[in-house]
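Listed below, chain by chain, are the residues.
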Amino acid sequence: YRFKDFRRAMAFVNAMADLAEDEGHHPDFTVHYNAVDVTLWTHAIGGLSENDFIVAAKLDRLPASRA
């Protein structure tokens, strides 16, 4: 995800954290100034699960992802 600045990137990370807690699914991520790289996979099965795709779709719908 790319943003106009660091502050907006961090707003997305905070929104993602709230969503992840609600879903009980915690993505790996890295922040690079105005970009956030997100990796979704299910550690328990060592690969992708249906829930990874559900969480990805919800991340795309976060208001902060459109900043």
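Since this is a predicted model, take the numbers as computed values, not measurements.

> Can you walk me through the pairing of strand S2 (residues 35–39) in this structure?
Relative to S2, strand S1 (residues 28–32) runs antiparallel, the two sharing 5 bridges. Directly across from Phe-29, in S2, lies its bridge partner Val-38. Taking the residues between adjacent antiparallel strands as the criterion, S1 and S2 are bridged by 2 residues, where Tyr-33 takes a positive phi near 50°.

> Please clarify how the environment of Lys-4 should be interpreted in this entry.
With respect to the helices, strands and loops of the structure, Lys-4 is situated in the segment before helix H1 (6–23). Owing to a relative accessible area of 63%, Lys-4 belongs among the exposed residues under this scheme. For the pair Lys-4 and Ala-35, spaced 31 residues apart in the sequence, the C-alpha separation amounts to 8.8 Å. Every residue in contact with Lys-4, bar those within four places of it in the chain, is listed here: Tyr-33 and Asn-34.

> Please explain the packing of aromatic side chains as it appears in this structure.
Any aromatic ring pair is given by two values, namely how distant the centres are and how the planes are angled relative to each other. Scanning all chains against the criterion turns up 2 aromatic pairs. Ring geometry for Tyr-1 and Phe-12: centres 4.5 Å apart, planes at 40°, overall tilted. Of this pair, Tyr-1 sits in the segment before H1 while Phe-12 is found in helix H1, placing the two residues 11 residues apart along the sequence. On the accessibility criterion, Tyr-1 (29% relative accessible area) is partly exposed. Judged by its relative accessible area of 0%, Phe-12 falls in the buried class.

> What is the right way to look at the environment of Ala-20 in this model?
Inspection of the secondary structure puts Ala-20 in helix H1. It is 13 Å that separates the C-alpha atoms of Ala-20 and Arg-61, two residues lying 41 residues apart in sequence. Setting aside its immediate chain neighbours within four residues, Ala-20 contacts His-25, His-26 and Pro-27.

Criteria and cut-off values
- Residues numbered from 1 in each chain as written.
- Predicted model: local features only at pLDDT ≥ 70, side-chain atom pairs only at ≥ 80, totals over all residues.
- Heavy atoms only, no water.
- Pairing = 2+ DSSP bridges.
- Helix = DSSP H or I, 4+ residues; strand = E, 2+ residues; numbered from the N terminus.
- Buried < 20%, exposed > 50% of the residue type's maximum accessible area, 1.4 Å probe, protein only.
- Contact = heavy atoms within 4.5 Å.
- Phe/Tyr/Trp six-rings, centres within 6.5 Å; stacked < 30°, edge-to-face > 60°.

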